[in-house]
Structure formats: C-alpha cells, structure tokens
Amino acid sequence: MADQIPLRPVPRSAQRRAAYYSSAAAAQRHSRYQAEDESSHLDEMPLMMSEEGFENDESDYHTLPRARISQRRRGLEWFICGGWKFLCTSCSDWLINICRRKKDLKARTVWLGCPEKCEEKYPKNAIKNQKYNIFTFIPGVLYEQFKFFLNLYFLIVSCSQFVPALKIGYLYTYWNQRIPSDMVFLRTSEKTGSCFIRTDQLDGETDWKLKVAVSCTQRLPALGDLFSINAYVYAQKPQLDIHSFEGTFTREDSDPAVHESLSIENTLWASTVVASGTVIGVVIYTGKETRSVMNTSNPKNKVGLLDLELNQLTKALFLALVALSVVMVTLQGFVGPWYRNLFRFLLLFSYIIPISLRVNLDMGKAAYGWMIMKDDNIPGTVVRTSTIPEELGRLVYLLTDKTGTLTQNEMIFKRLHLGTVSYGTDTMDEIQSHIINSYSQVHSQNSGNSTSSTPSRKPQPSAPKVRKSVSSRIHEAVKAIALCHNVTPVYESRAGVSGETEYAEVDQDFSDENRTYQASSPDEVALVQWTESVGLTLVNRDLTSMQLKTPGGHILTYYILQIFPFTSESKRMGIIVRDESSGEITFYMKGADVAMSTIVQYNDWLEEECGNMAREGLRTLVVAKKSLTEEQYQDFESRYNQAKLSIHDRNLKVAAVVESLEREMELLCLTGVEDQLQTDVRPTLEMLRNAGIKIWMLTGDKLETATCIAKSSHLVSRNQDIHIFRPVVTRGEAHLELNAFRRKHDCALVISGDSLEVCLKYYEHEFVELACQCPAVVCCRCSPTQKAHIVKLLQHHTGKRTCAIGDGGNDVSMIQAADCGIGIEGKEGKQASLAADFSITQFKHIGRLLMVHGRNSYKRSAALGQFVMHRGLIISTMQAVFSSVFYFASVPLYQGFLMVGYATIYTMFPVFSLVLDQDVKPEMALLYPELYKDLTKGRSLSFKTFLIWVLISIYQGGILMYGALLLFESEFVHVVAISFTALILTELLMVALTIRTWHWLMVVAEFLSLGCYVASLAFLNEYFDVAFITTVTFLWKVSAITVVSCLPLYILKYLKRKFSPPSYSKLTS
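Residues numbered from 1 in each chain as written. Predicted model: local features only at pLDDT ≥ 70, side-chain atom pairs only at ≥ 80, totals over all residues. Heavy atoms only, no water.

Overview of the nonpolar core
Link 1 in the chain: One finds Ile-822, Ile-846, Leu-849 and Leu-850 to be the most contacted residues of the largest nonpolar core, which totals 80 residues.
Link 2 in the chain: Per-element tally for this core: the top contributor is helix 28 (residues 845–885), with 12 residues.
Link 3 in the chain: Two domains each donate at least three residues to this core, and these are domain 2 (356–379 + 848–1066) and domain 3 (397–408 + 678–843).
Link 4 in the chain: The residues touching Leu-850, leaving out its near neighbours within four places in the chain, are Leu-392, Leu-395, Leu-688, Ile-693, Ile-822, Arg-855 and Tyr-932.
Link 5 in the chain: Within the second largest apolar cluster, 41 residues are counted, among which are Leu-483, Leu-548, Ile-560 and Val-673. (Core = buried A, V, L, I, M, F, W, Y, C linked by side-chain atoms within 4.5 Å. Buried < 20%, exposed > 50% of the residue type's maximum accessible area, 1.4 Å probe, protein only. Helix = DSSP H or I, 4+ residues; strand = E, 2+ residues; numbered from the N terminus. Domains from an automatic or database assignment. Contact = heavy atoms within 4.5 Å.)

Shown next as structure tokens:
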C-alpha cells in the first residue's frame, strides 16, 4: 500500500523532525486528553498523499487535498460542463440556510412540574419526514423530470407544434407503543426500579437494554409526589452520540439536598420501545433535537449511472442535430426566412433523439423488476425502486451491517479454557459433573457447620498459593461467569397466577420452563445459558441482588454492591458482589484480552490461546476475580461516589477510581462464544470479492465483536493481517497513527467510530485514499449518521457506485445515501426493507441479485438504449440524404402513420425483446464472478460503442436511401415504398444480429412485427402503390438493398468473434 501512496514529511532539517517526534511521543505518554495546541508543530511535519505535494514545500499540508480537488475547469467550458448546475445548487443551498438558520444547541435545566421556570423555547415534539409539502411538490417533481436533458428537449419539441408554421406532423406526448421524545427515566411500575427497552430502530441491536430509574424519584411513596417536590434535571446539550449522556438530578427541598449523577442507563431515547412495565420520565430533548432525528439524514432521489451516461449521449446527439440543421440551412444559402427553415430542419431531424428511448428504457426497468421478483432462487425479493435495476451491475463498494445481516444474532458457547485444560462442546458433560460434585460437597459442609456454632463471617486472609484442583478451578470459573454480567431472567405471566410477587411464588417460578434471559449483549445471554446447562442457573435478579440455583436446587444469594458496565474505551465490565452466606466481597471482571492481559497476574498461556480461538472465529472473553476486605471496599465506594457526581471529565475520574482496583487480579478462565452466521455468508462474500467488489462492514457493535465476525465470515481472509487503528482523540495522535497505518501492506483495517471522526476531521482525503487500498474495512461503534457519512465519502472521493445493505432502522440513513440500497427483512422489523430500493430475505441472495440480475439489467439496458438511438439515427440519415438530393428542402420523407408505425408496431416488439437477451447463463455468471469486473468498467455503453452505432446508422441510412433513389423507376411513391420496406427489414435483421441468446418470445416478436407490416400494406394506399409492391421488381430491389445494408455487418461481427472474442464467449463455447 505504501508503494502507491507515499506518506512522507516535506524535507526539513533532521533536528526539527527529531524534536517533533520526541515531543509528540512525550505528549502522547503524559497528556492524551490535553487540548490540541500542537497544531503549529504538526504543520512542520506534513502528511502527504501524492508526489505533487512534495514539490510544494511552502503550502500547508492541511489544504492540499482541497487544493487538488478544487483544480477544475473555469470559464465557458466549466459553465457548460456542469457549472450552471453548481451555481444553481449553491444559490438554493444559500437560500435554504437563510430560511433555516439553526439555533445553537445548549445544555438545559428542566424543572419537574414547573414549566414556567423554563427560560428558553425548545422545538415542538413534532417530527416531519415527508419529502414534499403542498408548496414544493409540483416544483420538485418538475425539476426531477426535466433535469434530464431528454425530457426537457421533448417538452420544447412538443410545445413547438402549437406554432402553425412549425407543425410538421402529429403531436406526440409522454406522461410519465414507542417513546415519543428523549427523556430521563424517573419512575417505573416495576418494583425493581428498572425496566427493559428495545432499541432495534435506534442502533440496530435486537437485545433488550436495562434502564434504571432515578433512585430519588423511584422511592417516592406515590406517583403524584413527583409534582410536589422541588427538583430539576441538568442535561448536557443535544448531541449525536446515542451511547453516552451526562447530567445530574437535584432535589432542593430535602435536607440535605439530594444530588444524583445521571448516565446513559437513566435515559429513554425517542423511537425506543418499552418492553416491560410502564415508565414515567421528564422530557429533556424534543423534535429535531432528539437522538433519533439527529442521526437521520434526508433521502435523495437516486439516478442510475446508465441514465446519466445516456443523458450525456443525448446531449451529444442534440449537438449533432443542431450542426446538421445549420449545415442544411447553410447549403440552402440562407434564403427566405432561414430561421424558420432552421427550426423545421431541427424538427425533421428530431428522430436523432428518439422519444421512444425513455419509454423503452422505463418499460425495460419494469420488466427487470418483475423478473427479479419472479426468480424462484431468491424468494421474497421485492423491487421497491424501478428506476435503478442497472445499478446492481455497476457496484464497486458494498457497505454492510453486521448484526442480523451477516449474522443471525444467535450466540452459542463453544469453548472454556482454564490454562492447562480446555473444554469444548463434546466435553461439557465433564464440567457438569464437576459442578454437581463441588456444590454437593459445599452443601454437605454447610449442613455440618449448621449443627455446630456459627463460624465467623469475616473473610479470611489470603491463604498461601497452592495449586488448585481442576474441580475447584472449574467451580470458580463457572461461578464467576454466572455472576459477572448484566443479564436479567424474565418469566412470562401464567393464567391464574395473581400479580402479587410473593417469594413463595418466585421460588415456584424458578423452575418455570418459560424463563428467558434479557441483556444488552447476546454474548452475555449465551454465557448465562451455558452456566444453566452445566447446573448453575440464574433464577432472579433486581438492582440490589441476584440469586443462583445449584444443581441440588439450593438458592445462593449475592448482593450487588457495584456494577461497571462495558464501554468501548474500557473493553471490559465488572461487578462487586457480597456472598450472603459467607459475607465475602468479590470483584469479578471480564473483558477483551487486550484490556485484561495487563490486569491479570502473570501467565504464559492467555495470549496464545486467545489467538487460537480468534482464528476459529470465536469471540473471546477473559474472566478474572479479586477478593476485597470490608475496609478496601468502603474506601473504594466513597471515592467512586464522589467521582460520579462530577460534571466535568466525569468518565475520566470514574475510570481512574475503578482502575485502582484492577491490579493483580486472579485469572480464572478464557471463554469462546460463536455468533452464528447467516446461511452461506462465507461463499457469498468470497463471490463478491472475486467479482471485484470491496466490502466494508459498518456496525454499532464493539470492536472485538466486529473483528471476530470479520474473521469468521471470511470478510478478512486467513492470510491477511488486520491493522486495528488505535483510539485517537487529537490531531497529533491521528497523524502518528496514519503514518503507522500507511506502512502496512495488504492488510484489513479495523477502526472505531470515534477515531474515524477525528481522522475525517483533519485528514479526510488522506484517510479515504488509504482505506480504499485495503481489501476490507471494518468500522465499529458507528452511529447511523456516521454510516451514511462514510457512504457519501466513498461516492465523493472515488466516484464509484456504492451499495449499502442492512436490516435495522439504524441502517436506513446508509441505505438511502447509497447509490443502491438493499434491505433485509429480519428480526429488527421491516424499516430497512421498506426504505430500501431492493428487499431480500437472506444475505446470500445478494450474490444472485448482483451477478445475474445486475448483469442482465445493465447489459440489456445498454443494448436497448443504443439500439433505440440507432433506430432514430438511421431514419434521420435517410431524411438528410433525401433533403440533400431534393435541393435541401425541409420536407419530411415519411409522413403520418408511417412514422408512427415505424416507432411502434413495426419495430417495437423486436427491439423491446432485447430485455430477454443474456450473454451468459445464470449458472455461468455465478460460477465465474470475475465476469462482473468488466461491467464496472462501463464498456457496454460508452462513447466508443456509441460512435460505432452512429457509423452503422450512417452507413445503413445512406445505403437504404441512395439504393432506393438509384432503383426507383418513375414515381416518388416507389422510393418511399422501397426505402421504407427495406428499412423495416433492416431493423428486424439488426435485432437478430444484436441478440446473443435466443428466446422463443424474440422469434414471436420478429414474425409478429413482420406480419403486422405486411398486413398493413393493404391499408396504406395513401403512401404506397399497391400494384407496385406486389411485383417481383419490388421484391428484388428491396432484397438487394437490405442485403447490402446488413451483410457486411454480419461478416464483421463473425470476424470479430473469431479473432477477438469477448471474455464470456470463452466460457460458453
């Protein structure tokens, strides 16, 4: 990668470089979170992405990408080639910004039950997501139609027919129960003081999240007391991040005043669903300031690349039309009202731009959509946007969600490693027997102790280290896994059971088969389900305690003293519990190996075994514990509570206090959990890679999970290295990390959303250029807005076509931003499916959708578009020859029904039958996905192929017209009969020449059109001499002209296939 993208400093003195690196390293070690005051030093060490930067030693490196991008054409050429559109867009954006000036977002204080104390006005809690309103609908629709030159041209031509002096023929026309706002959670009907919410439409994760009510308001005797207390909530200013929140709750009428810190677990974001109980909250953000709206982007009108290319060709045809008309008027000598003659010639030659082009293409797209939905190999597929099926054949980047898209979101416990012994799925029964034996011994000891005097509950000092037995190590590991989590068991209510939750009933519910587990991560549920399978079952949990049931049916109670939830920064979670029976306080922790390796005591096996499990595609967690004395815990608790009340740098202070406990912890075990992939994900991803499609995985999940899925799904091949972009906060850190990354060769990139935001802020062009060189990119902890932003970055910097695929509401922005959006109907609902251009039921269907239907749609539309243009060019050529021979008269060659029939019943069926053509069979396209690479180059429809068709049209039009003029006898009507009949036969033969795979409907279309023409001859007395067209002379003259116009082309096609065959012909032979 470094060979293509040099990334070196501008030549400066060696001393300055050395000084910079030493100072940057020191700053990184001592003050990662300081303000970015090193900008002046960074300017001395430019980060270049191309050689041209090294020649400009004086320019600031930060402005180089913009300078390169801004080097565009100026003057008249710039204005004609899109400058006018740029100016219009800029003016409209300026007007919109004037009309919609955004108010600065600020933190706010919200008083409970006292709206009159609010000093500021906040937006109404109304969310508008319609695309048009009553004023913008008509202008918007007209703009979307007439921004295509083809439609604008025919509007002008149609309007011209209202002028009598310009009328030359007929006039043709073409008609073408969610949470309503962001709240702080004050009170719930659940006695535990907590509830579950579903966030599938916010972050795409299907697991329920546990939310905790503010303890001060939850303890109030009655609901009405909420309005009698004097309290307020301080909330930070609205922001995009859905995973964090900082605020405080203050009650002033108590003595002393109550101050509680608020975090993400005390919030209820809009668009989430309450899954248990009822909740009461105080609204802090409304309308456009809610997290869900701030993470939503406006949809765009999607236009296919083929339509844009045809639009360019239409402009070229228009220039040819104008040039030809000017030449005719010039050769006329500008006699008489020449400007009227000029416009008449423009209308005579208007068939150069056929109006049937748009009709045929739109009908073709509708046919492709019908074929996709009727394909039995991809059942349930729905085409929701009929304007861009060809985009499926032009894709270069595929951006995919993880949860529910690549995976089934179903976890299975696969491996437990204790250092000296490893247990897999086939040896879990051994663990179960060890657990049964260890708890039976513990219970018998407790029974013996109960007959004697009660022993002291004070924890014993740590005994000298001796090698524990395998049974005791398994016992400790399983107990740690059963306690260290945020899982809550949920029991479905049964008929006949009263709503009162007495402990006798709870004890009866412990054996309920309808028990389900809810947690914020499916990994957690998989671990607790596994401990249940080996005999230790989590049966009850609330905010202060949890209860486990042993294999013998005894209940063990543990009091929850503190919980440290998982964060993307810490990469671990912990819990401090007190055993009710012994009084022992234990700190359990589990997390990623990179975070836990420095926390646990020295060992020689952890790193190696983590690598082994990761290569198997398992998600690993390291489990450890530490025993605490009462004095140690009390000291920790006071420092921890003080840190949680901080307004500034709360997260840093809390993390520092927790880290004081995380020293020399005892390593218990290493677990391996497998996330079940969707069916045939691996072969589908391999097929897409072989097709030249680069795949980026954008997920809201944590980095370790995303990396494991990237490996197990073979998104990253086994022989590829993975570069994990370390977390960066400042410009200097991003600079150094990019320099480290550019030295890596052929490696996949894994980066978090926060680090990505910093890189794009300072080094957007450089980062995208580096990332596009990677075989695969994984972006984790991405918000919905970030996903859409990445799509737009790829479109802007590469100019290639992008496809986004997802299954949740958080993927909608990404799907709508991509050139082609695909939604999967899954567990997360149908929001992504309904917002997408194409809806599928399984990820594996995308292979056939792209390789087969994408290929066919693009190839067929390219052939159809060019053939329709050929059909218009050939008759315009004949008109030009006719006018030249007859003293440049602006008189139509064919009139009335002949022109109508030519574009409809005489040639429409054979030409439109090209939508059934295919160059390779579907099985071959799936077997050799490398064929897809040719499509992305756009060779089927280019200026080269367009010019070839233009030359063919000029040749055939000239032969048909001059041949008819040479062979006609006495009357002009004979010229019309000979030339028009030869023209119809030539078109039918040219369709046969273009077809690569015959379909029975194509044969029917050919003979149907020919039969319609022959049958209509009897009714065209106004245009043909019926006596003449029934003679042998007419037949041989028509046959001769047709053979001369078509035979050379057949010979050339044969020679080309013989000596320069296309890539697919080698496979089909």
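That shown, we press on.
Examining the UniProt feature "active site" (unreviewed entry) in the protein
Link 1 in the chain: Following the UniProt record, one finds the feature "active site" (unreviewed entry) at Asp-401.
Link 2 in the chain: Turning to its location among the elements, Asp-401 is positioned in the loop between strand 12 (395–400) and strand 13 (407–417).
Link 3 in the chain: The exposure class of Asp-401 is buried, given its relative accessible area of 2%.
Link 4 in the chain: Residues within four places of Asp-401 in sequence aside, it is in contact with Leu-406, Leu-698, Thr-699, Lys-787, Ile-805, Gly-806, Asp-807, Asp-811 and Met-814.
Link 5 in the chain: One polar contact links Asp-401 to Lys-787, side chain to side chain, over a distance of 3.4 Å. (UniProt positions renumbered as here; feature names shortened; annotations may be inferred. Polar contact = N/O pair within 3.5 Å; in protein donor to acceptor, adjacent residues only side chain to side chain.)

Things to note about the pairing of strand 28 (residues 801–806)
Link 1 in the chain: Most of strand 28 sits out of view: 6 of its 6 residues are buried.
Link 2 in the chain: Residues Arg-801, Cys-803 and Ile-805 point to one face of strand 28 and Thr-802, Ala-804 and Gly-806 to the other, with burial holding for every one of them.
Link 3 in the chain: Note that strand 12 and strand 28 share 5 bridges and pair parallel. Bridging from a neighbouring strand, Leu-395 pairs with Arg-801 of strand 28.
Link 4 in the chain: With 4 bridges joining them, strand 28 and strand 29 (residues 820–824) adopt parallel strand pairing. For Ala-804, the partnering residue across the bridge sits in strand 29 and is Gly-821.
Link 5 in the chain: In this fold, the crossover linking strand 28 to strand 29 by way of helix 26 (residues 812–817) has right-handed handedness. (Pairing = 2+ DSSP bridges. Right-handed = clockwise from strand over helix to strand, strands pointing away.)

Concerning the packing of helix 10 (residues 305–332) against helix 11 (residues 338–348)
Link 1 in the chain: Interaxial distance between helix 10 and helix 11 falls to 9 Å at its minimum, and their mutual angle equals 140 degrees. Considered as vectors, helix 10 and helix 11 are oriented oblique to each other. Crossing geometry of helix 10 relative to helix 11 is assigned as right-handed. Between helix 10 and helix 11, the residues in contact are Leu-321, Val-322, Ser-325, Val-326, Met-328, Val-329 and Gln-332 and Trp-338, Asn-341, Leu-342, Phe-345 and Leu-346, respectively.
Link 2 in the chain: Class assignment for the residues of the contact of helix 10 with helix 11 results in 9 nonpolar, 3 polar and no charged. (Axes fitted to C-alpha atoms, helices over the stretch in contact; angles between N-to-C directions. Parallel < 35°, antiparallel > 145°, perpendicular 65-115°, else oblique. Left-handed = near helix turned anticlockwise from the far one by under 90°. Nonpolar A, V, L, I, M, F, W, Y, C, P; charged D, E, K, R; others polar.)

Here we look at the side chain of Glu-476
Link 1 in the chain: Within the element layout of this structure, Glu-476 appears in helix 14 (residues 470–483).
Link 2 in the chain: At 3.0 Å, the side chain of Glu-476 and the side chain of Lys-625 are in polar contact.
Link 3 in the chain: Every residue in contact with Glu-476, bar those within four places of it in the chain, is listed here: Lys-625 and Leu-668.

Description of the packing of aromatic side chains
Link 1 in the chain: Summed over the entire model, instances satisfying the criterion amount to 21 aromatic pairs.
Link 2 in the chain: Ring centres of Phe-867 and Trp-949 lie 5.7 Å apart, and the angle between their planes is 75 degrees; on these two criteria the pair is classed as edge-to-face. Placement of Phe-867 in helix 28 and of Trp-949 in helix 33 (residues 943–967) is noted, with a sequence separation of 82 residues between them. Accessibility classification places Phe-867 together with Trp-949 in one group, the buried group.
Link 3 in the chain: One aromatic cluster is present, formed by Tyr-894, Phe-897, Tyr-902, Tyr-906, Phe-980 and Tyr-1013 through successive ring pairs. (Phe/Tyr/Trp six-rings, centres within 6.5 Å; stacked < 30°, edge-to-face > 60°.)

Notes on unusual backbone geometry
Link 1 in the chain: Of note, the phi angle at Ser-271 is positive, near 80 degrees, even though the residue is not glycine.
Link 2 in the chain: Within the secondary structure, Ser-271 sits in the loop between strand 8 (267–268) and strand 9 (273–274).
Link 3 in the chain: On the basis of relative accessible area, Ser-271 is assigned to the partly exposed category, the value being 24%.

What to know about a positive patch on the surface
Link 1 in the chain: On the surface, Lys-933, Lys-937, Arg-939, Lys-944 and Lys-1056 cluster together into a patch of positive charge.
Link 2 in the chain: Mapped onto the secondary structure, Lys-937 falls in the loop between helix 32 (932–936) and helix 33. (Patch = residues over 30% accessible without salt bridge, like charges linked within 9 Å, V, L, I, M, F, W, Y side chains within 5 Å. Areas by Shrake-Rupley, 256 points an atom, 1.4 Å probe, with all protein chains shown as cover. Salt bridge = Lys/Arg side-chain N within 4 Å of Asp/Glu carboxyl O. Lys, Arg positive; Asp, Glu negative; His and termini not counted. Charge placed at Lys NZ, Arg CZ, Asp CG, Glu CD.)

Describing a nonpolar patch on the surface
Link 1 in the chain: A cluster of nonpolar side chains, Leu-989, Val-1043, Leu-1047, Tyr-1050, Ile-1051, Leu-1052, Tyr-1054, Leu-1055 and Phe-1059, forms an exposed patch at the surface whose accessible area comes to about 900 Å².
Link 2 in the chain: Per-element accounting of the nonpolar patch gives the leading share, 8 residues, to helix 37 (residues 1032–1059).
Link 3 in the chain: Tracing the backbone shows Tyr-1054 in helix 37.
Link 4 in the chain: Look at Tyr-1054 and you get exposed, because its relative accessible area is 54%.

A word on the confidence of the model for the protein
Link 1 in the chain: Of all residues in the protein, 81% have pLDDT values of 70 or greater, and the mean over the chain is 79.
Link 2 in the chain: Confidence drops under a pLDDT of 50 for residues 48–74, and excluding neighbours within four residues, the segment shows 48 contacts in the predicted structure.
Link 3 in the chain: Here residues 450–466 scores under 50 on pLDDT; set against residues more than four positions off or in separate chains, the count is 6 contacts. (pLDDT = per-residue confidence, 0-100.)

Overview of the side chain of Asp-375
Link 1 in the chain: Tracing the chain through its elements places Asp-375 in the loop between helix 12 (356–373) and strand 11 (382–383).
Link 2 in the chain: Taking the relative accessible area as the measure of exposure, Asp-375 reaches 9% and is therefore buried.
Link 3 in the chain: A distance of 2.9 Å separates a polar atom in the side chain of Asp-375 from the backbone nitrogen of Asn-377.

Focus on the environment of Asp-917
Link 1 in the chain: Secondary-structure assignment places Asp-917 in the loop between helix 30 (908–912) and helix 31 (922–927).
Link 2 in the chain: Placed 60 residues apart in sequence, Asp-917 and Ser-857 show a C-alpha to C-alpha distance of 9.7 Å.
Link 3 in the chain: Once you skip the residues sitting within four places of it in the chain, Asp-917 turns out to touch Arg-860, Thr-994, Ile-995, Arg-996, Thr-997 and Met-1002.
Link 4 in the chain: Separated by 3.1 Å, the side chain of Asp-917 and the backbone nitrogen of Arg-996 make a polar contact.

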